[in-house]
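Per-entry structural report
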Amino acid sequence: MCGIFAVVNDKSNQAAQTTLIGLKKLEYRGYDSWGIALIPEKRKKIKVEKHIGKIGQAETKLPNGNIAIGHTRWATHGGVTDRNAHPHLDCKKEIAVIHNGIVENYKVIKSNLSNKGHVFKSETDTEVIAHLIEEKSKKVPIIKAVFDTFNSLVGSNAIVVLDTNTETVLACRNGSPLVAGIGNNQFFLGSDVPAFLKFTNRVHFLHDGEAVVLSKKGVKLYDLKSGNEKMLNAQILDWKMEDAEKGGYQHFLLKEIVEQKNTIPKTAKINKPALKTISEKIRNGYKIVMSACGTAYYCTLAAKYFFAQLGIESETYGSYEYLPFTKFANKKTVFISVSQSGETADTLIAARAAKKQGAYIVAVVNARGSTLERLADSTLSVGAGPEIAVVSTKAFTAQLSTLYLLAHYAINKPEKGISKIYQLGKSLEKWINTKLFTQITKLAATLINNEDLYLIGKHLNYPASLEFALKIKESSYIHSEAFAAGELKHGVITLIQKGTPCFVLSSNDEAKDEVLSSAAELKARGGKIIGISPVKSAEFDFHIKTLDLGDLTFFPNVIVGQLLGYYLGIGRGTDPDKPRNLAKSVTVK
Ligand code: M6R
């Protein structure tokens, strides 16, 4: 939640404009409001610009200067107003602060500071940070004032502080992501790499308990507790600028959906040593427990079917519901945490709890340098590249194909899994084309005014239906609800009336006939049946033909949902890259 950007020693001397470019790349992390603070040339007082709403095509009128910080907000404390937008200033306007996280003890800090005469202008928890630094810096140098302030905050937080007196940017991390970019004599900070990828791919991902100080001379790394300087070993990422650009597509969401024909087969090339290590544990009797949130949770549900069909038992939990079951994890548990960002608070809490029980933690993660990766014993990095759209698509399918591979490694048949994933990539390459887009656009046009859609699927097509429904909800705000086909007669069928759109997801498998019987029951109640399946059937009023790939039909069936959500969103005037109320990574409980 919230996007953070900073630049020091901006070459163009237009640090505010550079910050705006960075913030536009981070808007997926929060889009209630945005703001920039700049030290203007030859001036001591900070200049601030703040606006509510999306950053979109915004421009900034801030003057020249080579040092600035900026923020895109996903509101937690305080409504969406200009005043509550970050950055926040101290009383003397010499310190500006941006923040990602929640300061759980902000009320106590605020009341102490008010008693000392500090005046607050916003309702946010963030503003107390600026004033506390101001108070502390009366007695100690700014670096100590910032570190001491940060160490006194309760909660998961990342802060970035702009100090006019030293012309530095100081940043601290505990639980919320921060990455430093080391360019050619200009230096950056971002919540995520795409923010500054245009300028540099040389990075340091801050660990919890670390801080950096950016000045004209470079970037220094510190340990927050001791205050001592540490050695900074920057790494070069293989990400390119194009990865964070729309590349001719109208939206990142569509670009990322199309990219799946490459990102899925890529998973068969990577992670081989880690897959071997983890699969040995599974063969040696370790029990698989998976945990994740949202789309990543549906990935684990699908993986559970993939494991089961190869004779491997596994369990999965929404991470937010895992704690009552933590006690069953032990030294013979392989605990697989799945996450695009690797920063989801509930997912991290569950993984830490399992780790405490002695479980072997595996991170199946897309973003680089994440907290989840650091706490894991082993990482399956799914390599889908930056996923910018808030709605997860390519990260989901890359995670699932990685788990599909893991299942095959576990039964000692890696080559079979690898060749099936390559085949899937080839089939998707041909199938994702204009003809498919046209068909789905036509279907979207018939559904655009519906407020309720229902979906059914059985076995693998049950998690496929859940994920399909989530894509429709997120991208188009249409209420879409998925059920296991077997659940239909136990109450759900009351919802079906004449003309109710009912999606029936099926594959050419053992469950097909049963699902089609359910489709017939829906049709008999007036339901308009939309078949998503490799095989046409008399029950379907509308059919999107997918690929007949056995268990891997799951993938094209879900991709139809991703595309349909996208086109419904376009038709209903939503922003498919930034759905209302959502943030790309949910770093609070
Ligand atoms: O970063 P994560 O994969 O841990 O995020 C989990 C969910 O928040 C995420 O999948 C969410 O459901 C997306 N909006 C799905 O499109």
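Structure's up top.
Scope of this entry: the structure provided in the associated data block.

Rules used throughout
- Residues numbered from 1 in each chain as written.
- Predicted model: local features only at pLDDT ≥ 70, side-chain atom pairs only at ≥ 80, totals over all residues.
- Heavy atoms only, no water.
- Helix = DSSP H or I, 4+ residues; strand = E, 2+ residues; numbered from the N terminus.
- Rg over C-alpha atoms; globule rule 2.2 N^0.38 Å.
- Contact = heavy atoms within 4.5 Å.
- Buried < 20%, exposed > 50% of the residue type's maximum accessible area, 1.4 Å probe, protein only.
- Pairing = 2+ DSSP bridges.
- Axes fitted to C-alpha atoms, helices over the stretch in contact; angles between N-to-C directions.
- Core = buried A, V, L, I, M, F, W, Y, C linked by side-chain atoms within 4.5 Å.
- Near = heavy atom within 4 Å.
- Polar contact = N/O pair within 3.5 Å; in protein donor to acceptor, adjacent residues only side chain to side chain.
- Areas by Shrake-Rupley, 256 points an atom, 1.4 Å probe, with all protein chains shown as cover.
- Nonpolar A, V, L, I, M, F, W, Y, C, P; charged D, E, K, R; others polar.

What follows concerns the overall build of the protein chain. Scanning the protein chain from N- to C-terminus turns up 15 helices and 25 strands. Radius of gyration (C-alpha) of the protein chain: 25 Å, near the 25 Å computed for a compact globule of 589 residues. With the C-alpha coordinates of the protein chain rotated into their principal frame, the extents come out at 75 × 55 × 45 Å. In the protein chain, once contacts between residues fewer than 6 apart in sequence are set aside, the share between residues at least 24 apart is 71%.

Burial runs high along strand 23 (residues 501–505): five of the five residues are buried. On strand 23, burial covers both faces: Pro 501, Phe 503 and Leu 505 on one face and Cys 502 and Val 504 on the other are all buried. The pairing of strand 21 (residues 452–457) with strand 23 spans four bridges and is parallel. Residue pairing for strand 23: Leu 455 is matched across the bridge by Phe 503.

Sheet strands pair via backbone hydrogen bonds, and the direction of the pair is either parallel or antiparallel. Pairing within the open sheet is parallel, and its five strands lie in the order 22-21-23-24-25. At either end of the open sheet lies a strand with only one pairing partner, and these are strand 22 (479–484) and strand 25 (542–545). The mean inter-strand angle of the sheet, taken between neighbouring strand axes irrespective of direction, is 20 degrees. Where strand 21 and strand 22 come together, six bridges link them in parallel fashion. Paired with Leu 453 across the strands is Ser 480, a residue of strand 22.

This part is about the nonpolar core. In terms of nonpolar packing, the biggest core is built from 117 residues, with Ile 336, Phe 503 and Leu 564 touching the most fellow members. In this structure, Ile 336 is in contact with Ile 288, Val 289, Met 290, Ser 291, Val 362, Val 364, Leu 403 and Leu 406, ignoring residues within four places of it in sequence.

We now examine the site of the ligand. Not every one of the 13 residues close to the ligand is listed here, only the nearest: Ser 339, Gln 340, Ser 341, Thr 344 and Glu 474. A distance of 2.6 Å is found between an oxygen atom of the ligand and a side-chain nitrogen or oxygen belonging to Ser 339. Separating an oxygen atom of the ligand from a side-chain N or O atom of Thr 344 is a distance of 2.4 Å. Out of a free accessible area of 410 Å², the ligand has 91% covered by protein chains. Contributing elements (two or more residues each) for the shell around the ligand: helix 7 (294–309) and helix 13 (461–476). In terms of residue class, the shell around the ligand is made up of four nonpolar, seven polar and two charged.

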